[in-house]
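Report on the structure
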Amino acid sequence: MRRSILSLSILALIFTSCSDDDSVTTVSSDVEAPASYTFEREGQSTVSFSGQTTRILMGDELNTSLLDNTQTETELLSMFAHQQGDSDFLNNELNASDKNIRSKTAASRDFFFTNSTASNAIKTQFETWISEQVNEIFTAWDDTAAEGVAGQIQEAGGGSIRYVNAKGLEYNQAIIKGLIGALMTDQMLNNYLSPAVLDQADNIANNDNDITEEGKNYTTMEHKWDEAFGYLYGTDNPTNPQLNQDSFLNKYLSRVENDEDFAGIAQEIYDAFKLGRAAIVAKEYELRDQQAELIKEKVSEIIGIRSVYYLQQGKNFLANDKGAAFHDLSEGFGFIYSLKFTRQPNSDSPYFTANEVDTMLTSLLEGNGFWDVSEQTLDDFSDQIAARFNFTVEQAAD
Amino acid sequence: MKRILITFFSVCLLLSCSSDDGGTDINNNPTDGFDRQAMLTNWADNIIIPVYSDLNAKLGNIVNAKTNFIDHPTQAKLDNLRMAWQEAYKVWQHAEMFNVGLAESTNYIFQMNVYPTNVNDIESNIQSQNYDLGSVNNNDAVGFPAVEYMLYGLAETDSEILSFYTSSTNADNYKTYLSDLADRMKTLTQSLLDDWNNGFRDSFVANTENSATGSINLMVNDYIFYYEKGFRANKFGIPAGNFSPNPLPDRVEAFYKTDFSKTLALEGIDAIQNFFNGRAYNSSADAEGLKDYLDFLNTIKEGEDLSSLINNQFDEARQKINTLNESFAHQVETSNVAMTETFDVIQLAVVLLKVDMLQALDISVDFVDADGD
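Because the structure is a prediction, the values reported are computed rather than measured.

Further remarks concern the overall build of chain B. Scanning chain B for helices and strands turns up 14 helices and four strands. A compact globule built from 373 residues should have a C-alpha radius of gyration of about 21 Å, and chain B, at 22 Å, falls within 12% of that. Across its three principal axes, chain B shows a C-alpha extent of roughly 75 × 50 × 40 Å. Counting the 373 residues in chain B, one finds 51% classified as buried.

Turning our eyes to something else, we now look at the overall build of chain A. From N to C terminus, chain A includes 17 helices and four strands. Relative to the globule expectation of 21 Å for 398 residues, the C-alpha radius of gyration of chain A, 22 Å, shows essentially globular dimensions. Across the 398 residues in chain A, those meeting the buried criterion constitute 54%. Looking at chain A alone, contacts between residues at least 24 apart form 67% of all its contacts between residues at least 6 apart.

Side chains of residues three or four places apart in an α-helix project in the same direction, reflecting 3.6 residues per turn. Residues and elements named next belong to chain A. Among the residues making up helix 3 (residues 73–80), those that are buried are Leu76, Met79 and Phe80. In a view along the axis of helix 3, the buried residues occupy a sector of 105°, so they form one face of it. Where helix 3 is buried, its residues contact helix 2 (50–65) and helix 6 (116–137).

Packed helix pairs are specified by the crossing angle of their axes together with the interaxial distance, meaning the distance between the axes. Contact geometry for helix 6 of chain A and helix 14 (residues 336–361) of chain B: axes closest at 8 Å, N-to-C directions at 135°. With respect to helix 14 of chain B, the axis of helix 6 of chain A lies oblique. From helix 6 of chain A, Ser116(A), Thr117(A) and Asn120(A) reach across to helix 14 of chain B, where they touch Val337(B), Thr340(B), Glu341(B), Phe343(B) and Asp344(B).

Here strand 3 (residues 151–154) of chain A runs beside strand 4 (residues 161–164) of chain A; their pairing, made up of four bridges, is antiparallel. Bridging from a neighbouring strand, Gly151(A) pairs with Val164(A) of strand 4 of chain A.

Residue and element names in this part refer to chain A. Where helix 10 (residues 220–233) contacts helix 12 (residues 265–281), the axes come no closer than 10 Å and their chain directions differ by 170°. Comparing the axis directions of helix 10 and helix 12 gives the class roughly antiparallel. Along its contact with helix 10, which presents Met221, Glu222, Trp225 and Phe229, the element helix 12 presents Phe273, Gly276, Arg277 and Ile280. Counted by class, the contact of helix 10 with helix 12 contains five nonpolar, one polar and two charged residues.

Cis geometry marks the peptide bond from Tyr115(B) to Pro116(B); its omega dihedral reads 5°. As for its position among the elements, Pro116(B) is in the loop between helix 4 (108–112) and helix 5 (119–128). With a phi close to 60°, Lys283(A) is a non-glycine residue in the positive phi region. Positionally, Lys283(A) belongs in the loop between helix 12 and helix 13 (285–317). With a phi close to 45°, Thr258(B) is a non-glycine residue in the positive phi region. Relative to the helices and strands, Thr258(B) resides in the loop between helix 9 (215–240) and helix 10 (261–277).

A few words now on the confidence of the model for chain B. Residue and element names in this part refer to chain B. Summing up the model confidence of chain B, the mean pLDDT is 91 and the portion of residues at 70 or higher is 90%. Below a pLDDT of 50 lies the segment residues 7–28, which in the model reaches 62 contacts outside its immediate sequence neighbourhood of four places, other chains included. The ipTM value of the predicted complex is 0.78, and its pTM value is 0.85.

Residue and element names in this part refer to chain B. Tracing the chain through its elements places Val220 in helix 9. Note: C-alpha distance between Val220 and Leu55 (165 residues apart in sequence) is 22 Å. Apart from residues lying up to four places away in sequence, Val220 is in contact with Leu361 and Ile363.

About the cut-offs
Residues numbered from 1 in each chain as written. Chains lettered and ligands numbered in written order. Predicted model: local features only at pLDDT ≥ 70, side-chain atom pairs only at ≥ 80, totals over all residues. Helix = DSSP H or I, 4+ residues; strand = E, 2+ residues; numbered from the N terminus. Rg over C-alpha atoms; globule rule 2.2 N^0.38 Å. Buried ≥ 20, exposed ≤ 12 C-beta atoms within 10 Å, placed from the backbone. Contact = placed C-beta atoms within 7 Å. Arc of directions from axis to C-beta. Axes fitted to C-alpha atoms, helices over the stretch in contact; angles between N-to-C directions. Parallel < 35°, antiparallel > 145°, perpendicular 65-115°, else oblique. Pairing = 2+ DSSP bridges. Nonpolar A, V, L, I, M, F, W, Y, C, P; charged D, E, K, R; others polar. pLDDT = per-residue confidence, 0-100.

Dropping the structure here:
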């Protein structure tokens, strides 16, 4: 039985071509999404994404520790590349976990399966930033930052103190905002929502026949979808998301939702996750993939919007408040880095290629970096980014 | 047998669309018209049995050279034994992909080529003189890597190495362990060869059905598993650090012989390509193989014959391997990017083999990839 079903799907692959790949459209379907992300088999929930929750929590602790100047380079690097049983975190459940951030950084099926060289380079980039946070920032903790000099810089009006490198960049922002792309977005859009993962091996045949994983009550395909969901809602209430529950995608979905130009995006994404999961239960894979494409578009948009937002905020402060400007530009730097992990719907491509991203970032750090970046450059990059998405600089800027 | 392959990325079906509307019942193996028995016969008679025969003969040379050496250890005899080891290890590269029959049930591969070899276990065996080389605990203290340690790894210089077999207080123990290692490899391989020659060959060739236990299904799964694990991961990915936070140059194959890693890897890619094409081990004769099966099914991917795409990818992998240092440990330590780039070129064929070829042949994967979540 399983074999013949597999044969049919193979036949479909060999002898039919895809006709539904041109735009995000909806097909008529009888599948109804439940009111919340709740799915059960024989009265038991089939939703599981604990691995994603774990990695988000590890990232949250790393985020805090990156601004604790008593941490050593080894301690911070160990939080990034945690080994099961090592006491790297305050939370002992995290210490006991066999998960870590590093192994899932730049590790998606679609983008890195045949490119371990690029994957390794990205992992190394994060490690380099972590090391530099200790070796350049912690060592200059009480120094005053200046052009070409690392140290602290306070936002105007007695505001927050920011710790920047010689070019004005906060490495902690580059790391955390960069992980939004390299970890959460890459895993979600380019791995778990990819047909290459959802339909891996016998997943379709097993899902068609409700053959669940050994010792579990979910099918592999259901679980893969939940894992995508978990990278956004892993520390939130999955049946009634509150948003702003982590330092990563969940937080910035909240930020974008709270911009009236984009209000409704949170519901759109949540609904797409619900309907896609219901489609898997109903074995309607075309409907599933349409929801996946919608999520790719909207989640990518979060990163695009926040990139432009911070470039524009940075520009506004640049003349009179370097501290605030550098903080915004540092966040923007991390979001722009994340653009290379976005995914244009119905394509194999990110919204910005790695080369395009690296060109922008190199330009931002040229010379004395944020100390002498021009407002024109910030506007140019804002325009470039907005133009490729479905929003304007003005919409994103506030 | 359930195997788990931990991959850096999960390996999957590359479906570009997911509609699985019904359809006519074509390609219903094994009635697709391809002469499956001819392919199995070619595999058995022209590849597998000749490989095992050659390996058995080369291991016989090791046993003889070893006997000669321990009788009166000299530099010349050590050199002679080392040459025998090298020749046999090259043949081994053609044998590691076959994991059916007695090879599977005796965990033959685990007894022949687990590296890095465990020096502590070896030394403790040598000291205690109380060991069962067939024990699972000794999988990393036997086989080619263990012999390599005994011939190249005991000390820095040859004269120091020789002294372990001459002047050392434990010289007899070292000689015994070396002798036992060589004998064990020979005995295992002889049994395997005998099994193939006394019945297994016939049942292997006769089992043409497309089921989880069909010979083609088993061999193809072994082949792809070897390509991913024994070849791609063990020789390249693991030392390059693709599965760990840092590169691990001490995990290379031929760590003690050092300048031998590339030679072995090149033998490996030749063996992989020859098997794919159904090319005989002892001649350039070319009969039914996976290439022919795919061509028979007229398997096209993006306008090209899948078999050509696969062969091109193997060629690219060979070219890339050729650019590496003879010592993979040295390569990892000096320019690891070349190593990961080689891994990536090899990886491209995984997609072609594991997704496209398996779809065309209607074969299910019998080992799973764990992505760690």
